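Examination of the molecular architecture
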Amino acid sequence: MIVSGWGRYPKIDSNVSRPHTRKEISKLLAIGQTIARGSGRAYGDSAINPINTMEMRWFDQFAGFDPAAGVLTVNAGVQLREITKVFVPRGWWLPVTPGTSFATVGGSIASDVHGKNHHLVGTFGEHVKEIEIMLGNGEIVTASASQYADLFYSTCGGMGLTGVILSAKIQLAPVKSGLVKQKTIKASNLEELFELFEENADVPYSVAWVDCLAPERELGRSVLLLGDHAKKGGVQIDSRQRFKIPIDAPGFLLNRWSIKAFNSLYYSKAKQGDEKLVGLFDYFYPLDKIDNWNRMYGHSGFIQYQFVIPKQNGADNMRKLLGRIAYLGEGSFLAVIKLFGGENDNLLSFPFSGYTLALDFKVSQKTIDLLNVLDELVIDMGGRIYLTKDARMTSNTFRRTYPRWETFESVRQKYGAIGKFSSAQSVRLGLL
Ligand SMILES: Cc1cc2nc3c(=O)[nH]c(=O)nc-3n(C[C@H](O)[C@H](O)[C@H](O)COP(=O)(O)OP(=O)(O)OC[C@H]3O[C@@H](n4cnc5c(N)ncnc54)[C@H](O)[C@@H]3O)c2cc1C
């Protein structure tokens with residue numbers, strides 16, 4: 001069948017198997033090469049093997065919970081929204097969550113995802129106490145920071161290339177409410193936004209929505225949404241999807257003018273200093289409300305480009321990158337900036353101390369050419385591009401920006417992963 005990531009680009013023919021048990025997984029591994037896939041929320045081609053893709057979504061049981069320590073044992077196919085629905089009413093929640101609740105535990109570990117609180121608590125993998133991994137020969141290994149540590153640090157962030165994650169023990173965080181206190185602050189340009197991020201660095205969650213197409217003086221004008229868990233208000237959760245995009249939108253719907261109009265409207269509607277209580281799903285997963293929103297970009301699909309650049313000269317560098325995007329008129333509906341804390345020990349993990357920006361582009365040759373130019377600028381600034389969003393980075397760019405890739409390959413070699421676990425992305429990036 002034809003398979004793609006959330007960006008619907010590229011589209012690749014693959015045989016998709018859906019194992020429900022460990023035995024079925026080991027049988028599939030005995031047949032030949034594969035890659036694990038969760039919910040397919042990675043944007044590009046990381047969860048697709050052109051021969052066989054193993055969809056782990058159906059390997060989805062809760063395996064145990066220690067209420068005294070808040071440690072959850074869960075199979076890799078469980079989606080984060082299920083954990084949220086079951087555990088928030090019991091007073092526990094994920095210490096780190098990406099912007100979609102549909103991500104599975106396996107996918108969240110393999111991409112070492114980050115949330116709106118990276119600057120304070122790091123990545124998802126930093127809250128995983130141990131992982132059960134099935135190696136290419138069917139052997140099951142329990143890896144953690146203290147046993148099979150090399151495998152652990154390669155699997156967290158390793159994009160499925162070390163083995164199949166079967167289950168994980170995750171340290172949950174206590175919460176008292178299913179509501180979030182949200183404060184809106186408007187910034188009139190990038191410099192102001194970066195100052196606001198630093199001033200509010202002790203607030204648990206922060207994310208800024210940025211208008212890429214504002215006039216030059218106001219480039220980077222943005223709406224910063226700060227958040228913290230409320231102490232009261234009940235622990236009920238509303239996870240309903242309210243809208244649906246039933247068909248592909250015509251490609252012409254999203255153009256320079258419609259995006260610009262949307263961005264200006266969003267900025268002018270936000271109320272400076274507004275403070276309110278919002279539902280947990282509203283704050284953390286606003287896009288999950290719209291079923292199939294990825295169809296908005298038309299049949300050819302879209303690429304989400306996410307990079308991180310160091311704090312030093314951060315505003316100047318971000319201005320340069322946004323300026324280039326605006327000049328070519330290729331900006332997106334969604335441009336999001338977050339603050340990152342320090343780098344961790346996971347060999348291919350994306351975040352390091354600095355600022356990250358993510359934005360969507362409709363796929364076209366013009367987009368690909370622009371992104372190649374942006375890559376060079378990001379590399380010169382000491383930055384890197386996020387693997388879980390990537391659909392077109394070259395092997396040269398990867399090697400220059402993920403300096404621990406050779407150690408990663410040697411760990412894969414040691415555990416028999418080479419030739420067994422491979423994705424369309426790993427081939428493109430020159431990983432064996
Ligand atoms: C709306 C939206 C918002 C997002 N926001 C964020 C964000 O804020 N922060 C962030 O970091 N990411 C974000 N993402 C990206 C998303 O969180 C990651 O791509 C995540 O990995 C998706 O999980 P998945 O289960 O869908 O994995 P998939 O997309 O299916 O796979 C992703 C990677 O994980 C591997 N994998 C999956 N399951 C297993 C397994 N059992 N064993 C071994 N490897 C496995 C795959 O091989 C692949 O390399 C967002 C995505 C969307 C669509």
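In what follows, the accompanying structure is described. From a predicted model like this one, the values you see are computed outputs, not experimental measurements. (Residues numbered from 1 in each chain as written. Predicted model: local features only at pLDDT ≥ 70, side-chain atom pairs only at ≥ 80, totals over all residues.)

**Some thoughts on the overall build of the chain**
For the chain, the helix and strand inventory stands at 13 helices and 22 strands. Taken over C-alpha atoms, the radius of gyration comes to 21 Å for the chain, in line with the 22 Å a tight globule of 432 residues would show. Summarising the internal contacts of the chain: among those between residues at least 6 apart in sequence, 75% fall at separations of at least 24. (Helix = DSSP H or I, 4+ residues; strand = E, 2+ residues; numbered from the N terminus. Rg over C-alpha atoms; globule rule 2.2 N^0.38 Å. Contact = placed C-beta atoms within 7 Å.)

**Focus: the packing of helix α6 (residues 190-199) against helix α9 (residues 314-327)**
To describe two helices that pack against each other, one gives the angle between their axes and the distance between the axes. At a minimum axis distance of 9 Å, the contact between α6 and α9 shows a crossing angle of 135 degrees. In this view, α6 runs oblique relative to α9, as classed from their interaxial angle. Considering how the two elements wind past one another, α6 and α9 form a crossing that is right-handed. Contacts from Leu190, Glu191 and Phe194 in α6 reach Gly314, Ala315, Met318 and Arg319 in α9. For the contact of α6 with α9, a count of residues per class yields 4 nonpolar, 1 polar and 2 charged. (Axes fitted to C-alpha atoms, helices over the stretch in contact; angles between N-to-C directions. Parallel < 35°, antiparallel > 145°, perpendicular 65-115°, else oblique. Left-handed = near helix turned anticlockwise from the far one by under 90°. Nonpolar A, V, L, I, M, F, W, Y, C, P; charged D, E, K, R; others polar.)

**Thoughts on the sheet that holds strand β9 (residues 128-134)**
Taking strand neighbours across the sheet as the criterion, the 5 strands line up as β6-β7-β11-β9-β10 in an open arrangement whose pairing is antiparallel. The sheet is open, and its two edges are formed by β6 (62-66) and β10 (140-144), each paired on a single side. The average angle at which neighbouring strand axes cross in this sheet is 15 degrees, direction not considered. Bridge analysis of β9 against strand β11 (residues 164-171) gives 6 bridges, and the strand direction is antiparallel. Within the sheet, the bridge partner assigned to Glu130 lies in β11 and is Lys169. (Pairing = 2+ DSSP bridges.)

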